[in-house]
Amino acid sequence: MPLCGFNEKMLKGLRDLQEGLVEHGLYERSKETGQTYEGRLNEELSDMRRFSGEMDRIVDPEMKDITRGLSTFAGAFYRLARRKGLDNYKETVQAVNDFFVEMDKVYYGEKQGEGLQGKPNDMRDLADHLNKVKV
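The structure reproduced in this document is the subject of the present report. Source: prediction; values computed, not measured.

The next point concerns the layout of surface pockets. For the largest pocket, the calculated volume is near 180 Å³. For the largest pocket, the full set of lining residues is Phe-73, Ala-76, Phe-77, Leu-80, Val-96, Phe-99, Phe-100 and Val-135. Looking at the lining of the largest pocket, the elements that each hand over two or more residues are helix H3 (61-84) and helix H4 (89-108). Per-element tally for the lining of the largest pocket: the top contributor is H3, with 4 residues.

Written out as structure tokens, the structure is:
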């Protein structure tokens, strides 16, 4: 990734987060609340949208950005998991992680100097490449 790249520990953390969103955030919480998975998902997305409008109230700029980023990631993952089918969430998790690995591979290259990093229009070319990656 144009920030620092991913290693296996980071990818495992993302995998655990995404699986936890479905397993805890939807499956376990739906049992606790007596909701269907879809009902729980809709409520989670609604909560995130409502909270998004209040995030500017968080004073610490770094914590605001971290909170916004995590909420954005979680909401996008929920929508993607719903689109791909909640029963297939582990495949969706793998597809998201594969997307990040592909981003790293193209940006940094297999060997020093092979990737897009530091080249003119590197970020535009990276975004254009990622548009072609199927998730």
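There is more to say after this.
Once that is clear, we can look at the packing of aromatic side chains. Applying the stated criterion across every chain yields a total of 5 aromatic pairs. An angle of 70° between the planes, with centres 6.1 Å apart, marks the rings of Phe-99 and Phe-100 as edge-to-face. What makes Phe-99 partly exposed here is its relative accessible area of 21%. On the numbers, 4.9 Å between centres and 80° between planes, the contact of Tyr-107 with Tyr-108 is edge-to-face. Overall, the relative accessible area of 6% leaves Tyr-107 in the buried class. We classify Tyr-108 as partly exposed; its relative accessible area is 24%. Feature note: the residues Phe-6, Phe-99 and Phe-100 constitute an aromatic cluster, connected by ring pairs.

Moving on, we get to helix H2 (residues 37-52). For H2, spanning 16 residues, the distance from its first C-alpha to its last is 22 Å, which sits close to the expected 22 Å at 1.5 Å a residue. Looking only at H2, the buried set comprises Arg-40, Leu-41, Glu-44, Leu-45 and Met-48. The buried residues of H2 occupy one face: seen down the axis, they fall within an arc of 135°. Facing away from the buried side of H2, by more than 90 degrees, are the exposed residues Arg-49 and Arg-50. Next to the buried residues of H2 lie helix H1 (8-33) and H3.

To continue, consider the environment of Leu-70. Inspection of the secondary structure puts Leu-70 in helix H3. As for Leu-70 and Asn-88, which are separated by 18 residues in sequence, their C-alpha atoms are 22 Å apart.

What follows deals with the nonpolar core. The nonpolar side chains of soluble globular proteins are, as a tendency, buried together. Leu-26, Tyr-27, Leu-41, Phe-77, Tyr-78, Leu-86 and Leu-126 are the most contacted members of the largest nonpolar core, which has 24 residues in total. Listing elements by their share of this core, those giving two or more residues are H1, H2, H3, H4 and helix H5 (122-130). Setting aside anything within four residues of it in sequence, one finds Phe-77 in contact with Gln-18, Leu-21, Val-22, Tyr-89, Thr-92, Val-93 and Val-96.

Attention now moves to H1. Taking 1.5 Å of rise per residue, 26 residues should cover 38 Å, and H1 covers 35 Å from first to last C-alpha, within 8% of that figure. Its maximal kink placed at Gly-20, H1 deviates by approximately 30°. For H1, the complete set of buried residues consists of Leu-11, Leu-14, Gln-18, Glu-19, Leu-21, Val-22, Gly-25, Leu-26, Tyr-27 and Ser-30. Those residues of H1 that are buried are in contact with H2, H3 and H4. Immediately beyond the C-terminal end of H1, within one or two residues, lies Gly-34, with a positive phi of roughly 70°.

Conventions adopted
- Residues numbered from 1 in each chain as written.
- Predicted model: local features only at pLDDT ≥ 70, side-chain atom pairs only at ≥ 80, totals over all residues.
- Heavy atoms only, no water.
- 1 Å grid on protein atoms, 1.4 Å probe; cavity = no way out; pocket = protein on both sides within 12 Å on 5 of 7 lines; lining within 4 Å.
- Points joined across faces, edges and corners; volume = space filled by probe spheres on them.
- Helix = DSSP H or I, 4+ residues; strand = E, 2+ residues; numbered from the N terminus.
- Phe/Tyr/Trp six-rings, centres within 6.5 Å; stacked < 30°, edge-to-face > 60°.
- Buried < 20%, exposed > 50% of the residue type's maximum accessible area, 1.4 Å probe, protein only.
- Expected span 1.5 Å × (residues − 1).
- Arc of directions from axis to C-beta.
- Contact = heavy atoms within 4.5 Å.
- Core = buried A, V, L, I, M, F, W, Y, C linked by side-chain atoms within 4.5 Å.
- Bend = angle between axes of the 7 residues up to and from the residue.

These figures capture arrangement, not role.
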